[in-house]
Amino acid sequence: MSAFNQALEETAAAVEALLERLLPPVEGPEARVVEAMRYACLRGGKRLRPFLLLQSAALFEVPPPRALRAGAALEMVHCYSLVHDDLPAMDNSDLRRGRPTLHKTTDEATAILAGDGLLTEAFAVLSDPETHPDAEVRCALVAGLAAAGGTRGMVGGQMIDIAAEAGRLNLDLAELERLQALKTGALIAYAVDAGAVLGKAHRSDREALRRYAAALGLAFQIKDDILDVESSAEELGKPAGQDAAADKVTFVAFLGAGGAREKARALVDEALGCLDSFGEKAEFLRKTAEFVIDRRS
């Protein structure tokens, strides 16, 4: 196993263990929604966003436990978004991470509440002094995640996607890039920036990392579009071919599979160039960019 893959697996295990502690089982009628939150968060996923956050934080010598807490909060928001994406009102998916989706194992109301609970709990984790002793840093983390997850980020991008799917919007390629920068890229960008926030990084370093994350996030989504066309449900751990079935506007639809691969490769090269000033310390961030377009799920 490569050093990168080992680091990715170790981070996933550490995030899993922390989420287990942050979301303990409870007694009483509310136990149902807590168990649903745990089902949505535990035992699944590559934990790529927390990995990015930890690697960014390492550039500025942030103590790993602080970065891990911020990464766990980010993963809660990501998992909430998957739960809501899978609902019948959204993508109506039956499979996620190789398991039945949450609304299939419980019911729609419980799935909605579980997503709401994860979103809310994420901000509780970030605002805790254990995440960082400096209140200004904690406020910056909270504000950044609110922007990345809200109407200026993921929620806004999802609304644009829904409008396009319903035929209320006709997107060109530039508009599709903006949609995905919001829907997918915003949380990836937050992951990279949050590490710099924890480390009180210089503005120039934060700007370089933001450019890296913007290119990486778009490459990630393009690869997702390619995988939806070329991979199986078994490989993906979720239904394949959903984009075409829903007549969604994708990068593959605009560029073809070959053109989409070329664009993703160019974006990764752009992302790599943004890391030059960090030298060897950013090696795993470079490996992540390559991983994003080489992955099979």
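Here is a short report on the structure shown in this document. (Residues numbered from 1 in each chain as written. Predicted model: local features only at pLDDT ≥ 70, side-chain atom pairs only at ≥ 80, totals over all residues. Heavy atoms only, no water.)

**Description of the overall build of the protein**
Point 1. If you tally the helices and strands in the protein, you get 15 helices and two strands.
Point 2. By the compact-globule yardstick of 19 Å for 297 residues, the protein fits well, its C-alpha radius of gyration being 18 Å.
Point 3. The buried share of the protein, taken over its 297 residues, is 51%.
Point 4. At a minimum sequence separation of 6, the contacts of the protein that also span at least 24 residues come to 71%.
Point 5. Carbon and sulfur atoms form 54% of the exposed surface of the protein, whose accessible area is close to 13,200 Å². (Helix = DSSP H or I, 4+ residues; strand = E, 2+ residues; numbered from the N terminus. Rg over C-alpha atoms; globule rule 2.2 N^0.38 Å. Buried < 20%, exposed > 50% of the residue type's maximum accessible area, 1.4 Å probe, protein only. Contact = heavy atoms within 4.5 Å. Areas by Shrake-Rupley, 256 points an atom, 1.4 Å probe, with all protein chains shown as cover.)

**Topic: empty space enclosed by the protein**
Point 1. Under the defined criterion, the tally for this structure stands at one cavity of 30 Å³ or more.
Point 2. Along the walls of the largest cavity sit Tyr 39, Ala 40, Cys 79, Leu 82, Val 83, Asp 86, Arg 96, Arg 97, Arg 99, Pro 100, Thr 101 and Leu 102, which together make up its complete lining.
Point 3. The set of elements that each furnish at least two residues to the lining of the largest cavity consists of α2 (31-41), α4 (64-85) and β2 (99-100).
Point 4. The element best represented in the lining of the largest cavity is α4, accounting for three residues.
Point 5. Its residues assigned to classes, the lining of the largest cavity shows seven nonpolar, one polar and four charged. (1 Å grid on protein atoms, 1.4 Å probe; cavity = no way out; pocket = protein on both sides within 12 Å on 5 of 7 lines; lining within 4 Å. Points joined across faces, edges and corners; volume = space filled by probe spheres on them. Nonpolar A, V, L, I, M, F, W, Y, C, P; charged D, E, K, R; others polar.)

**With respect to the layout of surface pockets**
Point 1. What the second largest pocket holds in volume is close to 300 Å³.
Point 2. As for the second largest pocket, its lining consists of 17 residues, and the residues nearest its centre are Ala 181, Gly 185, Ala 186, Ala 189 and Ala 214.
Point 3. When residues of the lining of the second largest pocket are traced back to their parent elements, those giving at least two are α7 (135-149), α9 (173-183), α10 (185-198) and α11 (203-230).
Point 4. Tallied by class, residues from the lining of the second largest pocket come to nine nonpolar, four polar and four charged.

**Here's the deal with the packing of aromatic side chains**
Point 1. Summed over all chains, the structure comprises five aromatic pairs.
Point 2. Arranged with centres 6.5 Å apart and planes meeting at 35°, the rings of Phe 51 and Phe 284 form a pair that is tilted. Of this pair, Phe 51 sits in helix α3 (residues 48-58) while Phe 284 is found in helix α15 (residues 283-294), placing the two residues 233 residues apart along the sequence.
Point 3. The class of Phe 284 is partly exposed, set by a relative accessible area of 24%.
Point 4. Taken together, a centroid distance of 6.3 Å and an interplanar angle of 85° make the contact between Phe 60 and Phe 278 edge-to-face. Here Phe 60, found in the loop between α3 and α4, pairs with Phe 278, found in the loop between α14 (251-273) and α15; they are 218 residues apart in sequence, far enough to count as distant. The same class applies to Phe 60 as to Phe 278, namely buried.
Point 5. Every member of this aromatic cluster is reached through a ring pair, and the members are Phe 4, Phe 51, Phe 284 and Phe 291.
Point 6. In this arrangement the basic side chain of Arg 99 is found over the ring face of Tyr 39, its NZ or CZ atom lying 4.0 Å from the centre. (Phe/Tyr/Trp six-rings, centres within 6.5 Å; stacked < 30°, edge-to-face > 60°. Lys NZ or Arg CZ within 6 Å of the ring centre and 35° of its normal.)

**What to know about unusual backbone geometry**
Point 1. The phi dihedral of Glu 61 falls on the positive side, at around 55°, and the residue is not glycine.
Point 2. For Glu 61, a relative accessible area of 72% gives the class exposed.
Point 3. Unusually for a residue other than glycine, Lys 200 sits at a positive phi of about 50°.
Point 4. Among the secondary structure elements, Lys 200 is positioned in the loop between α10 and α11.

**Points about the packing of α7 against α10**
Relative orientation and spacing of two packed helices are given, respectively, by the angle between their axes and the distance between those axes.
Point 1. One can describe the packing of α7 onto α10 by two numbers: an axis separation of 9 Å at closest approach and a directional angle of 170°. One way to sum up the angle between α7 and α10 is to call them roughly antiparallel. On the side of α7, the interface is formed by Val 137, Ala 140, Leu 141, Gly 144, Leu 145, Ala 148 and Gly 149, while α10 contributes Ala 186, Leu 187, Tyr 190, Ala 194, Val 197 and Leu 198.
Point 2. Looking at the contact of α7 with α10, its residues break down into 11 nonpolar, two polar and no charged. (Axes fitted to C-alpha atoms, helices over the stretch in contact; angles between N-to-C directions. Parallel < 35°, antiparallel > 145°, perpendicular 65-115°, else oblique.)

**Observations regarding the side chain of Asp 193**
Point 1. Structurally, Asp 193 can be placed in helix α10.
Point 2. Setting aside residues no more than four positions away along its own chain, Asp 193 makes contact with Arg 206 and Arg 210.

**Observations regarding α14**
Point 1. A rise of 1.5 Å per residue sets the reference length of α14, with its 23 residues, at 33 Å; its end C-alpha atoms lie only 23 Å apart and thus fall more than 12% short of the reference.
Point 2. Helix geometry: α14 is bent most strongly at Ala 257, by close to 95°.
Point 3. Residues of α14 that are buried include every one of Phe 251, Val 252, Ala 260, Ala 264, Leu 267, Val 268, Ala 271 and Leu 272, and no others.
Point 4. On its buried face, α14 sits against α9, α11 and α15. (Expected span 1.5 Å × (residues − 1). Bend = angle between axes of the 7 residues up to and from the residue.)

**Concerning the nonpolar core**
Point 1. Ranked by internal contacts, the top residues of the largest apolar core, which has 86 residues, are Leu 52, Met 76, Leu 118, Leu 209 and Tyr 212.
Point 2. When sequence neighbours within four positions are dropped, the list of residues in contact with Leu 118 reads Leu 23, Met 37, Ala 40, Cys 41, Met 76, Cys 79 and Tyr 80. (Core = buried A, V, L, I, M, F, W, Y, C linked by side-chain atoms within 4.5 Å.)

**Thoughts on the side chain of Glu 75**
Point 1. Within the element layout of this structure, Glu 75 appears in helix α4.
Point 2. Glu 75 has contacts with Val 15, Leu 19, Arg 47, Pro 50 and Arg 97, leaving out every residue within four places of it along the chain.

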